[in-house]
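# Chains, contacts and geometry: an overview
Each chain, letter by letter, is given below.
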Amino acid sequence: MRAVQHFTATAVVGLCAVLGAALPASAQIKIGAVLSVTGPASFLGDPEKKTLEIYVDEINAKGGVNGQKLQLIVYDDAGNPNNARTFATRLVEEDKIDAMVGGSTTGATLAMIPVFEDAKIPFISLAGAIQIIEPVRKWVFKTPHTDKMACEKIFADLKQRNLTTIAMISGMDAFGKSMRDQCVAVAPKAGIKIATEESYGPRDSDMTPQLTKIRNTAGVQAVVNPGFGQGPAIVTRNYSQLGIKLPFYQSHGVCSKEFIKLAGPAAEGVRLPCAALLIADKLPASDPQKPVVVNYTHTYQQKTGQAVSTFGGHAYDGLMILVQAMQRAKSADKAKVRDEIEKTKGYIGTGGIVNMSPTDHLGLNLSAFHMLEIKGGDWTLVPGT
Amino acid sequence: MAELLQFAFSGLTVGAIYALVALGFTLIHNASDIINFAQGEFVMLGGMTTVFMATAGIPLPLAMLIAIVVTTGVGLALHRFAIEPARGASPVALIMITIGASVFLRGVAQIVFDKRFHSLPPLFGADPIQFGGAAILPQSLVVLAGAAVIVALLWLFVERTLLGKAVIATAANRLAARLIGVDTRRIVDFSFAVSAAIGAIAGILITPIALTSYDVGTLLALKGFAAAMLGGIGSPLGAVVGGLLIGMIEALCAGYVSSSYKDAAAFLIILVVLIAMPQGLFGRVKVERV
Amino acid sequence: MNLRALIETRLLPAILVAAIVIILPMFFPSGYYYRIGALVFIFALAVVGLNLLMGFAGQVSLGHAGFLGIGAYSVAIGPTHFGAPSWLCLFAGAILSGAVAFAVGRPILKLKGHYLAIATLGFGLLIAIVLNNEAAWTGGPDGMNVPALTLFGWRVHGSDAWYWIAGATFVGGFLLALNLMESPTGRALQAIHDSEIAARVLGIDVARKKLTVFIISAMYASVAGSFLALFNGLVTPDVAGFLGSIELVAMVVLGGMGSIFGSLVGAAVLVVLPQVLTIFQEYEQALLGLIVMIFMIFLRQGIVPSVTAALAGWRKC
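What counts and how
- Residues numbered from 1 in each chain as written.
- Chains lettered and ligands numbered in written order.
- Predicted model: local features only at pLDDT ≥ 70, side-chain atom pairs only at ≥ 80, totals over all residues.
- Heavy atoms only, no water.
- Salt bridge = Lys/Arg side-chain N within 4 Å of Asp/Glu carboxyl O.
- Helix = DSSP H or I, 4+ residues; strand = E, 2+ residues; numbered from the N terminus.
- Buried < 20%, exposed > 50% of the residue type's maximum accessible area, 1.4 Å probe, protein only.
- Contact = heavy atoms within 4.5 Å.
- Pairing = 2+ DSSP bridges.
- Right-handed = clockwise from strand over helix to strand, strands pointing away.
- Buried area = accessible area lost by both parts, 1.4 Å probe.
- Polar contact = N/O pair within 3.5 Å; in protein donor to acceptor, adjacent residues only side chain to side chain.
- Nonpolar A, V, L, I, M, F, W, Y, C, P; charged D, E, K, R; others polar.
- Disulfide = S-S within 2.5 Å.
- Expected span 1.5 Å × (residues − 1).
- Axes fitted to C-alpha atoms, helices over the stretch in contact; angles between N-to-C directions.
- Parallel < 35°, antiparallel > 145°, perpendicular 65-115°, else oblique.
- Left-handed = near helix turned anticlockwise from the far one by under 90°.
- Domains from an automatic or database assignment.

### Looking at the pattern of salt bridges
Oppositely charged side chains may form a pair once their charged atoms are brought near each other. Evaluated as defined, the whole model comprises 28 salt bridges over all chains. When the shortest N-O distance is used, the salt bridge between arginine 338 of chain A and aspartate 339 of chain A registers 3.1 Å. Residues joined by salt bridges that share partners form a network here, namely Asp204 of chain A together with Lys223, Glu250, Lys262 and Asp263 of chain B.

Pasting the structure below:
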């Protein structure tokens, strides 16, 4: 028994030593990040982490911010909100960060919000759901478009094609469920009728029963699939396997070349709302976002050898909004930086042009989304969107 | 009718995947009484290694072969370096080692490979076969055939070869098997190697349908384990029947009742079956000696 | 039982554990350590319950996180949808967990070995699926907020407050478990663990004893789940998931099956280890798996029993 007590004590003391050693004493600006680098949401957290690392290095190579170097501290919550909360506490109490970027998932973000609100530390989340910024919380901001905007964008496109009755098949993960709820909520206002609804598990390998039911539902004119990960790729394949010819919409959750690769020829004709980032090379030279997205795409692909996704772009936007706020504030003072983030106007990022205000901690409008159609294995811009 | 047929095709596709994964559990269990929770990682290794070999420019058939060899090596290493040194530990401790191994392999895979999803081209094209108003992918039939071949081979092995009898003897009573000259350590070695190979083959065959990624193993192992238990652990036929049954229940529930509760339906039926038949559908009754 | 035995089996261990709870914070440089400490005691509470089931009655449960989930969502749903006070919901959750364990325990506990494992696993998954799907009540996969616990007008808030509550509750749960094990029921359970048939021959009502301990372990897990939810202020279906159940079992086995004190050690190792391993960045997971394997290979009885045995052997030399 005594040996065990000793063991526990050693473990705790050891932990103190390890943490103590990890803290260099210098006047750096510390930026914390808790991301889902592994686990079911790793395709969010993985590009986010890589993006933050690439750009923090780049900023430091150019002399840092206000003459101070940035120090990035990333923890992996593995998609578990309890872990996220623990790491958030650690960032505040141990690492003594000046600002926070990230929270890949809505669950993790919601779990961390009280920690940063209590500690009065600016927190820019990279998660999708609208609950993060509605109601507005003093210290909390976010960069990705909300699910609600994606629904509205899809519904607007449907109206333009005179399609009003749809079926929905959504993933049962947090992303799919949250977007599904938003779509159901905005459908009546957009004049869209949802005739039937189906769902699938995040790791399912065949969705033909659900799609068969949708096919056999009278009056359905189009199908919408809120979801992310590999699920939408399989839904798309099954869609073509069953020979369904109705217009098919995916969500902003699959805005990555990977989706086209996984879904293969079945992806032809699929439409989805995405940020300008995906079509960097196709934007007209006059588009204000063009230099930013081309630059990010090149840097990311060159450093990682992987295709860009909009998720990495959200992290880029979060970091840049924060850094620019620090530059405007001429310090890393938490309260001043917070005020400057809120005053962000005309920031041109990968996700769109951001204009924040005390009542809007996102600052994006529908114009940030482009309606894309997959043709010949590549994205094309749907005219008039 | 066409609707029911389509549901059945879906059940067959998903069920064949579960069945292939479930088969991997049987041999290790038979030889050592261990439920190998790293079985899902064998499936992952099979698929991911093939994908990365193929991306590196190695022809697909060779890539598959390398994947099977690599995974078999990992299975062998798992036994030699983790299970064998802990010989004599309680079954729960041994299972905990396989859980540790599963976390370890996943952790290594995310470094060696990546964290993205990958697919493989199907063996016989992607054009669905139309039958009675329903469509099934040729690859689904390949997975099904793969499961059938493995069951047949396992049956032949156990019934017709001395090595197979030795596995059964080891399973029944390790000490007695050793007394009659069976090298039980080699037998368990062998069972880990073959189970890993079965896992790798499963991974290669199902990737064109289900896709793969470094963490695909957890859920597959869960469903495979459930299928093996429903059929009666240790019986290859039981594993396949269990897998197909779970696939069918999920598809029919998704089609006729509710797609959000299809997993629940599968586990509910497993519970009911086990309460009625405590050894699963094809399991053997084990007598406890005092 | 004479006084000396009473002191040795109950009083000393209880004082030891209470001392750990009180002394540890003297080494805590910040509130983050209080959070880790509170998490250790919360998980240890659930692990003590599961250890009673696994280590003493010899019954595996791969679905215990389901009870964690019932406890966690009780303190979320009760106050939010019915306006009930949190402390009442905590007790209600524990009673509900016990009732659920009673209902499913009778048929399930007849199963043996791996069949019991898959049945409990399935049961745990059913709870997680319901929590995930019934979004109107549970908030779905994104989870729901949990109102803070208020005790006698004091709003429990902050890691240090929860450290003391969790620590005190753990000492209570620890003592209760020790008492139970030294009782006739405890001895009967250990007989069941050694040989069910032999126990039955001795006239022990095996089914009933197993059911009793299953209910008790479910209530331990439920209280731990309620604490976790109240502490975090948010609950998601992950709490009831399969990985959560595996983690609880790992804590029991790592600490030592049948060692109540081992429960604390097992929980401490698996809560603290991931925090230490973060310095290894992307090698974190691989190392975690490796360390669990190494522990189980070299300390196959679990940390506490193995170390105790080694010490006893060393003393004899």
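Here the narrative resumes.
### Focus on unusual backbone geometry
Of note, the amide linkage connecting glutamate 134 of chain A to proline 135 of chain A takes the cis form, showing an omega dihedral of 5°. Checked against the element boundaries, proline 135 of chain A lands in the loop between strand S4 (123-125) and strand S5 (140-142). Despite not being glycine, asparagine 162 of chain A has its phi angle at roughly 60°, a positive value. Within the secondary structure, asparagine 162 of chain A is located in the loop between helix H5 (147-160) and strand S6 (165-171). In this structure, aspartate 33 of chain B is a non-glycine residue whose phi angle is positive, near 70°. Look at aspartate 33 of chain B and you get partly exposed, because its relative accessible area is 31%.

### Remarks on the environment of phenylalanine 67 of chain C
All names here are of chain C. Of note, phenylalanine 67 is situated in helix H3 (residues 65-82). With relative accessibility at 0%, the residue phenylalanine 67 sits in the buried group. Among residues more than four places away in sequence, those in contact with phenylalanine 67 are Ser97, Val100, Ala101, Phe123, Phe214, Ala218, Ala221 and Ser222.

### Structural notes on the pairing of strand S8 (residues 222-225) of chain A
Residue and element names in this part refer to chain A. By the alternation rule, side chains of S8 split into Ala222 and Val224 and Val223 and Asn225, which are all buried. Here S6 pairs with S8 via three bridges, running parallel. By the bridge assignment, alanine 167 is partnered in S8 with valine 223. Bridge count between S8 and strand S9 (residues 248-250): three bridges; the pairing is parallel. Opposite asparagine 225, over in S9, you have glutamine 250 as the bridge partner. Taking the sense of rotation as the criterion, the β-α-β connection linking S8, helix H8 (residues 231-241) and S9 turns out right-handed.

### What about the interface of chain A and chain B?
The figure often quoted for interface size is the accessible area lost as the parts come together. Chain A puts 33 residues into the contact, and the matching count from chain B is 36 residues. When the two sides are added together, the surface that chain A and chain B hide from each other amounts to roughly 2900 Å², 50% of it contributed by carbon and sulfur. Counting across the interface, chain A meets chain B through three salt bridges. Here lysine 115 of chain B makes a salt bridge to aspartate 46 of chain A, at a shortest N to O gap of 3.3 Å.

### Focus: the environment of proline 383 of chain A
Residue and element names in this part refer to chain A. In this fold, proline 383 is placed in the segment after strand S14 (378-381). Taking the relative accessible area as the measure of exposure, proline 383 reaches 73% and is therefore exposed. Sequence spacing of proline 383 and lysine 282 is 101 residues, and the spatial spacing of their C-alpha atoms is 12 Å.

### Thoughts on the side chain of glutamate 41 of chain B
Within the secondary structure, glutamate 41 of chain B sits in helix H2 (residues 39-55). Within the local environment of glutamate 41 of chain B, its side chain forms a polar contact with the side chain of serine 102 of chain B, the two groups lying 3.4 Å apart.

### Looking at the interface of chain C and chain B
Opposite the 41 residues of chain C that make contact, chain B presents 50 residues. The tally of links between chain C and chain B comes to zero salt bridges. Summed over the shared surface of chain C and chain B, the result is seven residue pairs in polar contact (both at pLDDT 80 or more). Of all elements in the fold, only helix H4 (86-108), helix H5 (113-133), helix H9 (196-201), helix H11 (242-255) and helix H13 (284-298) of chain C reach the threshold of two or more residues within the side of chain C that touches chain B. Per-element accounting of the side of chain C that touches chain B gives the leading share, twelve residues, to H5 of chain C. Class assignment for the residues of the side of chain C that touches chain B results in 31 nonpolar, six polar and four charged.

### Section: the state of the cysteines
All names here are of chain A. Evaluated as defined, the whole model comprises two disulfides over all chains. Two residues, cysteine 151 and cysteine 183, share a disulfide whose sulfurs are 2.0 Å apart. The sign of the -90° torsion about the S-S bond sets the cysteine 151-cysteine 183 disulfide as left-handed. Of the two residues, cysteine 151 is situated in helix H5 and cysteine 183 in helix H6 (residues 174-190); the sequence distance between them amounts to 32 residues. Owing to a relative accessible area of 0%, cysteine 151 belongs among the buried residues under this scheme. In this structure cysteine 183 comes out as buried when scored by relative accessible area, which is 0%. Between the sulfur atoms of cysteine 255 and its disulfide mate cysteine 274 the distance is 1.9 Å.

### Digging into H5 of chain A
Residue and element names in this part refer to chain A. Between its terminal C-alpha atoms H5 stretches 20 Å, which fits the 20 Å expected from 14 residues at 1.5 Å a residue. The set of residues buried in H5 consists of Asp147, Met149, Ala150, Cys151, Lys153, Ile154, Phe155, Asp157 and Leu158. Positive backbone phi, approximately 60°, marks asparagine 162, located one or two places after H5.

### Some thoughts on the packing of helix H5 (residues 138-160) of chain B against helix H10 (residues 236-257) of chain B
Residues and elements named next belong to chain B. Taken N-terminus to C-terminus, the directions of H5 and H10 make an angle of 160°; their axes are 9 Å apart at the nearest point. With respect to their mutual orientation, H5 and H10 come out roughly antiparallel. Judged by the twist between their axes, the crossing of H5 over H10 is left-handed. Between H5 and H10, the residues in contact are Leu144, Val151 and Leu154 and Pro236, Leu237, Val240 and Leu244, respectively. When its residues are assigned to classes, the contact of H5 with H10 shows seven nonpolar, no polar and no charged.

### Looking at the pairing of strand S2 (residues 70-76) of chain A
Across a regular strand the side chains alternate sides, sitting on one face of the sheet and then on the other. Residues and elements named next belong to chain A. Buried residues dominate S2, accounting for seven of its seven residues. Burial of S2 is two-sided: the residues Leu70, Leu72, Val74 and Asp76 facing one way and the residues Gln71, Ile73 and Tyr75 facing the other way are all buried. Note: strand S1 (residues 29-35) against S2, seven bridges, orientation parallel. From the neighbouring strand, isoleucine 29 faces S2, where its bridge partner is leucine 70. The parallel pair S1 and S2, bridged by helix H2 (residues 42-61), forms a crossover whose chirality is right-handed.

### With respect to the packing of H4 of chain C against helix H10 (residues 206-232) of chain C
Residues and elements named next belong to chain C. Between H4 and H10, the shortest axis-to-axis distance is 8 Å and the interhelical angle comes to 145°. At the point where H4 passes H10, the crossing takes the right-handed sense. Contact with H4, carried on its side by Ser86, Leu90, Gly93, Ala94, Ser97, Gly98, Ala101, Phe102, Val104, Gly105 and Arg106, involves Leu211, Phe214, Ile215, Ala218, Met219, Ser222, Val223, Ser226, Phe227 and Leu230 of H10 and no other residues of that element. The residue makeup of the contact of H4 with H10, split by class, is 13 nonpolar, seven polar and one charged.

### Regarding the domain arrangement of chain A
Residue and element names in this part refer to chain A. Per the domain assignment, the segments making up chain A are domain 1 (26-145 + 296-364) and domain 2 (147-274). Each side of the interface is counted separately: domain 1 has 13 residues, and domain 2 has twelve residues. Here domain 1 and domain 2 share an interface that buries about 1000 Å² over both sides, 68% of which is from carbon and sulfur atoms. In terms of surface lost to domain 2, no three residues of domain 1 exceed Phe43, Ile130 and His145, which account for 40% of the buried area on that side. In this structure, the connection of domain 1 to domain 2 is made through zero salt bridges. Of all the secondary structure elements, the ones that give two or more residues to the side of domain 1 that touches domain 2 are H2 and helix H11 (310-329). For the side of domain 1 that touches domain 2, the per-class residue count stands at nine nonpolar, four polar and no charged.

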